[in-house]
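Here is how the chains run, residue by residue.
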Amino acid sequence: MDQLHIQNTLTKKKELFVPLNAPFVGMYVCGPTVYSDPHLGNARPAITFDLVNRYLRHLGYKVRYVRNITDVGHLENDGDAGEDKLQKKARVEQVEPMEMAHFYTSLYQDLMRKLNVRRPDIEPTASGHIPEQIEIVENIMKNGYAYESNGSVYFDVPKYNQEFNYGKLSGRNLDDFIAGGGERISEEQLEEKRHPADFALWKNAPPEHIMKWHSPWGVGFPGWHVECTAMSTKYLGKKYDIHGGGMDLVFPHHEAEVCQSNAAIGDSHSHDLDEAKYWMHNNMITLNGKKMSKSLGNNITIGELFTGKHPLLAQPYSPMTIRFFMLQAHYGGTLDFSNEALQAAEKALKRVTDAFQRLNGMHFKAGMPMAHDPEKEALLKNFEQDARAAMNDDFNSAKVIARMFEVVPVINSIHAGNALPTDVNTLHDFRVAFNTWYTDILGLIPEETAGNVDSKTEELMALIIELRKTAREEKNWGLSDKIRDGLAALKIKVKDTPHGTEWNVED
RNA sequence: GGCGACGUGGCCGAGCGGCUAGGCAGAGGUCUGCAAAACCUCGUACAGCAGUUCGAAUCUGCUCGUCGCCUCCA
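Residues numbered from 1 in each chain as written. Chains lettered and ligands numbered in written order. Predicted model: local features only at pLDDT ≥ 70, side-chain atom pairs only at ≥ 80, totals over all residues. Heavy atoms only, no water.

> Help me get a handle on the overall build of chain A, residues and values and all.
When helices and strands are tallied, chain A shows 17 helices and 15 strands. Dimensions of chain A along its principal axes, counting C-alpha atoms only, are 90 × 50 × 35 Å. Long-range pairs, those at least 24 residues apart, make up 73% of the contacts in chain A with a sequence separation of at least 6. A total accessible area of about 23100 Å² is found for chain A, and carbon and sulfur atoms account for 51% of it. (Helix = DSSP H or I, 4+ residues; strand = E, 2+ residues; numbered from the N terminus. Contact = heavy atoms within 4.5 Å. Areas by Shrake-Rupley, 256 points an atom, 1.4 Å probe, with all protein chains shown as cover.)

Okay, structure coming up:
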């Protein structure tokens, strides 16, 4: 594909990407609720939309990327007077809700930095946008798609459905809702709600509720879905280009956003506002075939992944291994987690990273021995366009990585001292392209040098390698192997290559 | 019950009607004092059954199986 196409949840089709207002692109992604340790599942949308963000920028778009922090919390049970998650956790930990939100926000940001996820351009908090949320609710009421009940405000789904198409995003309809979820609606809720499908825009706060604000309807707190509509509208406009998030948010969260957007700011001439033009959803990560989630209690936190301290983990996995593991699969499919798969990803990443570093260490000069190899030359010359074609096909990073691996043997062959398969200019161009894809678009960073190697260590190692070289020249294998084994015990790996002896610290 | 996804070689995972995906693991070989790394070669898979087609892993139908959403979740 020579132009970017995106799988659009709204239309269920893969569509050509045409920004509403090129070269500007607005993108909003649902961020974390900051009340607990971020888990592996949280990393998937972050990395998925980091890839999208990076690629759009690579294509030259002026992207404004907004990813929110949900720090107001949602009720544990829809519609009843139960405690919200944040408040409950704060009480258990005996801290201010905001103190806890700040703690987990920082933790999340720190983990994202390790995963080399670029910071969004705006990272708004729900608590910081209460007036904007109230305004959205007021607009919806003004337009007649909401009603007040006992100090709470509910979205009038049946009314909305008369003029708009409720369920267009998730492929549901009101009848299905009643047939399925209706039975789960508690009687308590129905006291306030007119229809089981109605959802809260504003909720009255019981006295014991800590996080509450003044509103035209009394003291309360915003409903579950308004924050995203309010913040995306504020920073990206009534309709923007891309809204992203996990698949589990399609219903009810994103469906509600579509409703709110149309009801609050749509008019009779634009029933297709739908908040965003392209709705993108990453699939779930599974663990032994089951969805990994907080509520199922089978989640692994990102921190545990890095340290390896979890019963299911055979070893620690580095941030780049996690990132690479995710990019090796298309974001639209489930990704099953296992030690075996992660270990394979770790080795694969090392292979491509080694090649990356070798490539960057090469000095191409005119007049180097050259043996034209049409096949290898084609791999190098086509790399950029092949990678781009894969990426244009709904961000198929898995395919991009496959193309990288096809080029790795060529790089290694040159590094091994074989003749250049093509001319120096082609090699230069290829190197630039490979760097761009590895570093800028996939967002990978070589990790090996992360080991604490200071200049003194460098000098000592140079001396040791020199001594071993002497031993080898004297065919004193006993001594040279003793040195190598001794270093290996210190996690320093020695390799004798045609260019001399190399070493590196393993983690 | 409603809506939806998926089932690819030992494992992970691309594939969207014809042309080798790729990685990991495994086998053989080259190089090397040995090792490591690297390079070369090797598996011929598509849940099952019908059908459409000159031709299907790819389209259609059915069967079986797995999973997700319908309640906060990425």
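Read on for the rest.
> Residues and numbers for the pattern of salt bridges, please.
Summed over all chains, the structure comprises 19 salt bridges. Of the charged contacts, one joins Lys203 and Glu192 as a salt bridge, the two residues approaching to 3.5 Å between their closest N and O atoms. Taken together, the residues span a long stretch of sequence, with Lys203 in strand β7 (residues 200-204) and Glu192 in helix α7 (residues 187-192) at a distance of 11 residues. Under the relative-accessibility criterion, Glu192 is labelled buried at 11%. Of the charged contacts in the structure, one is a salt bridge between Arg472 and Asp496, with a shortest N-O distance of 3.4 Å. Of the two residues, Arg472 is situated in helix α16 (residues 455-473) and Asp496 in strand β14 (residues 492-497); the sequence distance between them amounts to 24 residues. You can call Asp496 partly exposed: its relative accessible area is 32%. (Salt bridge = Lys/Arg side-chain N within 4 Å of Asp/Glu carboxyl O. Buried < 20%, exposed > 50% of the residue type's maximum accessible area, 1.4 Å probe, protein only.)

> Which residues make up the sheet that holds strand β9 (residues 240-246), and what are the values?
One open sheet holds the four strands; their spatial order is β4-β3-β9-β10, and the pairing between them is parallel. Two strands close off the open sheet at either side, each with one partner strand: β4 (62-67) and β10 (276-282). The sheet shows a mean angle of 20 degrees between the axes of neighbouring strands, direction not considered. (Pairing = 2+ DSSP bridges. Axes fitted to C-alpha atoms, helices over the stretch in contact; angles between N-to-C directions.)

> A description of the packing of helix α13 (residues 374-392) against helix α14 (residues 397-415) should follow, citing residues and the corresponding values.
Their axes nearest at 9 Å, the elements α13 and α14 cross at an angle of 165 degrees. One element, α13, and the other, α14, form an angle in the roughly antiparallel class. Pair α13 / α14 crosses with left-handed handedness. Residues Lys376, Leu379, Leu380, Phe383, Asp386, Ala387, Ala390 and Met391 of α13 form the contact with α14, whose own contacting residues are Ser397, Lys399, Val400, Arg403, Met404, Glu406, Val407, Val410 and Ser413. Each residue belonging to the contact of α13 with α14 can be placed in one class, and the counts come to 10 nonpolar, two polar and five charged. (Parallel < 35°, antiparallel > 145°, perpendicular 65-115°, else oblique. Left-handed = near helix turned anticlockwise from the far one by under 90°. Nonpolar A, V, L, I, M, F, W, Y, C, P; charged D, E, K, R; others polar.)

> I'd love a proper account of the side chain of Ser413, names of residues and values included.
Relative to the elements of secondary structure, Ser413 occurs in helix α14. In terms of polar contacts, Ser413 uses its side chain to reach the side chain of Asn418, at 3.2 Å. Not counting residues up to four positions away in its chain, the partners in contact with Ser413 are Lys376 and Asn418. (Polar contact = N/O pair within 3.5 Å; in protein donor to acceptor, adjacent residues only side chain to side chain.)

> Would you mind going over the packing of aromatic side chains in detail, with residue names and values included?
All told, the structure shown has 19 aromatic pairs when counted by the stated rule. Here the aromatic rings of Phe17 and Tyr278 are separated by 5.2 Å at their centres, their planes lie at 50 degrees, and the arrangement is tilted. With Phe17 in the loop between β2 (13-16) and β3 (24-29) and Tyr278 in strand β10, this pair connects stretches of sequence that are 261 residues apart. In this structure Tyr278 comes out as buried when scored by relative accessible area, which is 1%. We note Arg172 situated over the ring of Phe251; from NZ or CZ to the ring centre the distance is 4.2 Å. Here the basic side chain of Arg194 rests over the ring of Tyr147, its NZ or CZ set 3.8 Å away from the ring centre. (Phe/Tyr/Trp six-rings, centres within 6.5 Å; stacked < 30°, edge-to-face > 60°. Lys NZ or Arg CZ within 6 Å of the ring centre and 35° of its normal.)

Structural measurements only, silent on function.
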